Structure formats: structure tokens, C-alpha cells
Amino acid sequence: MLHAEGTRPPYTELLFGRIREIHDRVYFGRWRREDATENDLQGARRQLAEFVDLLVREAGSNPPLDQRDYLDKTLGALRDAQTLQGSELLLALNNTLSYGHRLLNFLLRARGEPNHMSRDFASYHESSDEGDE
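Residues numbered from 1 in each chain as written. Predicted model: local features only at pLDDT ≥ 70, side-chain atom pairs only at ≥ 80, totals over all residues. Heavy atoms only, no water.

Engineer: Sorry, what's going on with the nonpolar core here?
Structural biologist: It is characteristic of soluble globular proteins that their nonpolar side chains tend to be buried jointly. By size, the foremost hydrophobic cluster in this structure holds 29 residues, and its most contacted members are Ile19, Trp31, Leu48, Phe51, Leu55 and Leu93. Of all the secondary-structure elements, those providing two or more residues to this core are α1 (17–27), α2 (38–59), α3 (65–83) and α4 (86–110). The leading source of residues in this core is α4, at nine residues. In this structure Trp31 touches Val26, Ala36, Asp40, Leu41, Ala44, Leu90, Leu93, Asn94 and Leu97, once residues within four positions along its chain are discounted. (Core = buried A, V, L, I, M, F, W, Y, C linked by side-chain atoms within 4.5 Å. Buried < 20%, exposed > 50% of the residue type's maximum accessible area, 1.4 Å probe, protein only. Helix = DSSP H or I, 4+ residues; strand = E, 2+ residues; numbered from the N terminus. Contact = heavy atoms within 4.5 Å.)

Engineer: Which parts of the structure should I look at to understand the packing of aromatic side chains?
Structural biologist: Aromatic rings considered in pairs are described by the distance between their centres and by the relative angle of their planes. Under the defined criterion, the tally for this structure stands at four aromatic pairs. Centroid distance Tyr70 to Tyr99: 6.1 Å. Interplanar angle 55 degrees. Geometry classified as tilted. Taken together, the residues Tyr70 in helix α3 and Tyr99 in helix α4 connect sequence positions 29 residues apart. The class of Tyr99 is partly exposed, set by a relative accessible area of 27%. Ring centres 5.7 Å apart and planes at 40 degrees place the aromatic pair Tyr70 and Phe106 in the tilted group. Here Tyr70 is found in helix α3, whereas its partner Phe106 is found in helix α4, with 36 residues between them in sequence. Residue classification places Tyr70 among the buried positions, given a relative accessible area of 14%. Through a chain of ring-to-ring contacts, three or more aromatic side chains come together here, namely Tyr70, Tyr99 and Phe106. The ring of Phe106 carries Arg109 above its face, with NZ or CZ at 4.9 Å from the centroid. (Phe/Tyr/Trp six-rings, centres within 6.5 Å; stacked < 30°, edge-to-face > 60°. Lys NZ or Arg CZ within 6 Å of the ring centre and 35° of its normal.)

Next up, the structure:
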């Protein structure tokens, strides 16, 4: 992952730090740019697969209904991202990221933590978009 020169995000100090880091790595990734390459898209797919795998582990086998709903949406979007191409692939990647982010926030709030805000970490990423999640 490329970070802005001389910086490293403080994810290791946070609950679900690895999940947050992967989310932001994808959120700020090159795949979202107009000049994204096939390699950028494949990299986003791989990172999202790891992101979702970690979310599944944290959600457990019997998550609360609100978590289950977003877990199912996240898994469905990731399945789509494995087979689609072009603009449909971009939508599936974005949906995986968005639904997974929502699930991450449910997991954080269940532990008494505030929502994860990617824009709070924008300065740590080389390709930063300070838009909302």
C-alpha cells in the first residue's frame, strides 16, 4: 500500500485496525480513478476479498439481524465482483466496499466504538479522496 510520504496510518492502535486499514486502502485506491487499469481493479478485488473475509470472521456465525443483513449484502456484492466486468464490476466493487463499511460500523458500535470515518485517515494515503463513505 502506498502511503503519503513519511506517514503511516495509526490503524494498529484501533479496534478492528486491519479491517479499517484494508477498507481505506480500497477506498482511497487507484481503481476509483478514471485512469484505473485492469491491474488496479484486480488489486481492489483481492483486497476486498480479504476485507470481507475478516468481516465474516468478526461477525461470527450468528450475528444480530442488522449485521446479518449487511453481511449478506456484502457477500452478494463480492460474489458479483468476481464475475462482472466494466461498469457493472465498478458498481459491484463499490457496493462491496460500501456494504462492508456499514457492517464494520455495526461491529464497532456493538463494541461501544464510534463509526469508522475514512476521511479522518485521508492524509495518510497517497491517493486521497475526502468524500464521504
